[in-house]
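Next come the chains, spelled out residue by residue.
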Amino acid sequence: MSLKDGLIARVATHGPITVADYMAEALLHPVHGYYTTRNPLGAAGDFTTAPEISQMFGELVGLSLAQSWLDQGAPAPFTLAELGPGRGTLMADILRATARVPGFHAAARITLIEVSPALRNVQRRTLEGFDIAYVDGADHLPDVPLWLIANEFFDALPVRQFQRDGAGWRERCVGLSNDVLSFGLSPAGPQAMLAHRLEDTEDGQLVEICPSAAPIISAIGTRIEAHGGAALIIDYGDWRSLGETLQAVQNHASADPLAQPGQADLTAHVDFETLTQAATPAVFSRVTPQGVFLERLGITARAQALAAKLDGSALDAHIAAHRRLTHPDEMGNLFKVLGLFPTTAAPPPGLER
Ligand code: SAH
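Calculation criteria
Residues numbered from 1 in each chain as written. Predicted model: local features only at pLDDT ≥ 70, side-chain atom pairs only at ≥ 80, totals over all residues. Heavy atoms only, no water. Near = heavy atom within 4 Å. Polar contact = N/O pair within 3.5 Å; in protein donor to acceptor, adjacent residues only side chain to side chain. Areas by Shrake-Rupley, 256 points an atom, 1.4 Å probe, with all protein chains shown as cover. Nonpolar A, V, L, I, M, F, W, Y, C, P; charged D, E, K, R; others polar. Salt bridge = Lys/Arg side-chain N within 4 Å of Asp/Glu carboxyl O. Helix = DSSP H or I, 4+ residues; strand = E, 2+ residues; numbered from the N terminus. Buried < 20%, exposed > 50% of the residue type's maximum accessible area, 1.4 Å probe, protein only. Phe/Tyr/Trp six-rings, centres within 6.5 Å; stacked < 30°, edge-to-face > 60°. Lys NZ or Arg CZ within 6 Å of the ring centre and 35° of its normal. Pairing = 2+ DSSP bridges. Axes fitted to C-alpha atoms, helices over the stretch in contact; angles between N-to-C directions. Contact = heavy atoms within 4.5 Å. Expected span 1.5 Å × (residues − 1). Parallel < 35°, antiparallel > 145°, perpendicular 65-115°, else oblique.

Here's the deal with the site of the ligand
Logical step 1: Residues in contact with the ligand amount to 18 residues; listed here are only the nearest, Thr-49, Gly-84, Gly-86, Glu-114 and Asn-151.
Logical step 2: One nitrogen or oxygen atom from the side chain of Thr-49 is found 2.6 Å from an oxygen atom belonging to the ligand.
Logical step 3: In this structure, Val-115 approaches the ligand through a main-chain N or O atom, which is 3.3 Å from a nitrogen atom.
Logical step 4: When the ligand is considered free in solution it has 570 Å² of accessible area, and contact with the protein chains removes 93% of it.
Logical step 5: Residue composition of the shell around the ligand, grouped by class: ten nonpolar, five polar and three charged.

Written out as C-alpha cells, the structure is:
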C-alpha cells in the first residue's frame, strides 16, 4: 500500500492527525519516507542548499569553527559534529579548509547525525578517507568539547500549526474531505506553550511550533557549556514565526504538501526564538543574516581568489553562486545564522553577542 493510501486509511479509522504527525510520516516513514528512500539534493534531485551552491560556504563555516576551537585553547579530543549532513559536501569542505589548522584534524572526532540510510551511503562516499561515526541523536553526542554545524536541518523537523481563536487556539490537522487528504481545524482550546504568542498575534493568525527542536538544542547547549565548543545553526526563518511557512518542493518547484506524501520535500521556517530559549546554560549570538555572516568571514576576498582561476561559463556560475549565497534578494537575508557558545567564551567569528 502506498504511503498516501495508508494515511487515508489511518485518518478514516482514527480521525485527523496533526501537521507534525503528517510531516513525520511523509519525511521519515521507514519504507516510504521522503528522506528514508532518496538523495533529494542537487540538480537531479528536488532542491539545492548553500554547500551545494559553492565550496565557499563550507570553507568559511570551517574556518569559523576552527578559529573558535583555537580561541578556546584547542581542546583535544573534541567532537566535530554535523546534523543532517545531506551529501556530505559541507563536512568535506570544512575538512579541506581546516586541513592546515595545526592539530584540528588530529583532535576532531567526526560525528554525524543522519536519519536517512540512503544519504548515509552518499556521505560515506563523499568523506572516504576520514574516520566518521554516526550517533542516533544529539543526546547521544559524547561528553567532550563540541563544535557543531547544522545547515538546513531544523527546517526539516515536523511542526504543529495553531490558528488563533480568541484567547485560544485551533490546531490545524490533516483529515479527509471526500476521501481526499485535506487540512481542517480542531476545536478551539487554550495552549499553555503559546501563552507568549497571545501578545503578538491577532484572531485568525497562524503560528508554528517545532516540538522536536528544543530537546536537540538543549543537548547541544548543555555539552557546550560543560565542556566548551560552539554550534552554528543556519536555516531559513526568523525570530518568532508568524503565518504558514509549511511548503512542499518537488523537482525544484513548489508542490501541494498533501498531494504526494513521501514524494516531495516538506519544510517549515525555523523560529529562532524557540531555539534560543532551549540553549541555556550555553549562551547565543544575535540571529545574523547569512549574507552578513559570510561577508564578515571574508567571502568577497575568497570569491575573488577563486575567480582569478576561472573564465567563461565557469566564471559566470561562480559569480552567480557568490550572489546567491549573499545577496539580500537571494539567500543572504532569508537564511539566518545562530551561534551557541559557552558563557565564558566569545561567539564564533562572523557572529556577535
Ligand atoms: N545539511 C545538508 C542537507 C540538508 S537536507 C546541506 O546543507 O546540504 C536535510 C538533512 O537532514 C538531510 O541529510 C536529511 O536526511 C536530514 N534529516 C532530516 N530529518 C532528520 C532527522 N529527524 N534526524 C536526522 N537527520 C534528519
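Comments concerning the pattern of salt bridges
Logical step 1: Taken as a whole and judged by the stated rule, the model has 16 salt bridges.
Logical step 2: A salt bridge links Glu-171 to Arg-160; the shortest N-O distance between them is 2.7 Å. Here Glu-171 is found in strand 7 (residues 168-177), whereas its partner Arg-160 is found in strand 6 (residues 160-165), with eleven residues between them in sequence.
Logical step 3: Residue Glu-171 is classed as buried on the basis of its relative accessible area of 8%.
Logical step 4: Put simply, Arg-197 and Asp-200 hold a salt bridge, and the shortest N to O gap is 3.1 Å.

A closer look at the packing of aromatic side chains
Logical step 1: Evaluated as defined, the whole model comprises seven aromatic pairs.
Logical step 2: Seen in terms of ring centroids, Phe-78 and Phe-104 are 5.1 Å apart; in terms of plane orientation they differ by 45°. Their pairing is tilted. Of this pair, Phe-78 sits in strand 2 (residues 78-83) while Phe-104 sits in helix 7 (residues 104-107), placing them 26 residues apart in sequence. Pair check on accessibility: Phe-78 and Phe-104 agree, each one buried.
Logical step 3: Seen from the ring of Trp-169, Arg-164 lies directly overhead, with NZ or CZ sitting 5.9 Å from the centre.
Logical step 4: One cation-aromatic arrangement involves Arg-172 over Phe-183; the distance from NZ or CZ to the ring centre is 3.7 Å.

Comments concerning the sheet that holds strand 12 (residues 253-255)
Logical step 1: Reading across the sheet, the three strands line up as 12-11-13 and stay open at both edges, with antiparallel pairing between neighbours. The open sheet terminates on both sides in strands that have one partner only, identified here as strand 12 and strand 13 (265-267). Here the strands of the sheet are splayed against their neighbours by 40° on average, with no regard to which way each runs.
Logical step 2: Pairing between strand 11 (residues 247-250) and strand 13: three bridges, direction antiparallel. By the bridge assignment, Val-249 is partnered in strand 13 with Asp-265.

Section: the side chain of Arg-172
Logical step 1: By the secondary structure assignment, Arg-172 is in strand 7.
Logical step 2: The exposure class assigned to Arg-172 is buried, which follows from its relative accessible area of 14%.
Logical step 3: At 2.7 Å, the side chain of Arg-172 and the side chain of Gln-161 are in polar contact.
Logical step 4: In this structure the side chain of Arg-172 is engaged in a polar contact, spanning 3.0 Å, whose partner is the side chain of Glu-244.
Logical step 5: Ignoring anything within four residues of it in the chain, the contact list for Arg-172 reads Thr-18, Val-19, Gln-161, Phe-183, Gly-184, Leu-185, Leu-206 and Glu-244.

Brief notes about helix 9 (residues 213-227)
Logical step 1: With 15 residues, helix 9 ought to run about 21 Å at 1.5 Å a step, and its terminal C-alpha atoms sit 22 Å apart, in line with that.
Logical step 2: Regarding helix 9, the residues found buried are Ala-213, Ile-216, Ile-217, Ala-219, Ile-220, Gly-221, Arg-223 and Ile-224.
Logical step 3: Among the structural elements, strand 2, strand 5 (146-151), strand 10 (229-238), helix 10 (272-277) and strand 17 (335-341) are those in contact with the buried residues of helix 9.
Logical step 4: Directly beyond the C-terminal end of helix 9, a positive phi value near 95° is found at Gly-228.

Comments concerning the environment of Ala-24
Logical step 1: Position of Ala-24 relative to the elements: it lies in helix 2 (residues 19-28).
Logical step 2: Separated by 133 residues in sequence, Ala-24 and Leu-157 place their C-alpha atoms 7.7 Å apart.
Logical step 3: In this view, Ala-24 contacts His-29 and Pro-158; residues no more than four positions away in its chain are not counted.

Some points on the packing of helix 12 (residues 299-307) against helix 13 (residues 312-326)
Logical step 1: At their nearest, the axes of helix 12 and helix 13 sit 10 Å apart, and the two run at 170° to each other. Comparing their axes, helix 13 and helix 12 come out roughly antiparallel. Side by side, helix 12 and helix 13 meet where Ile-299, Thr-300, Ala-303, Leu-306 and Ala-307 of the first sit next to Leu-315, His-318, His-322, Leu-325 and Thr-326 of the second.
Logical step 2: Residue composition of the contact of helix 12 with helix 13, grouped by class: six nonpolar, four polar and no charged.

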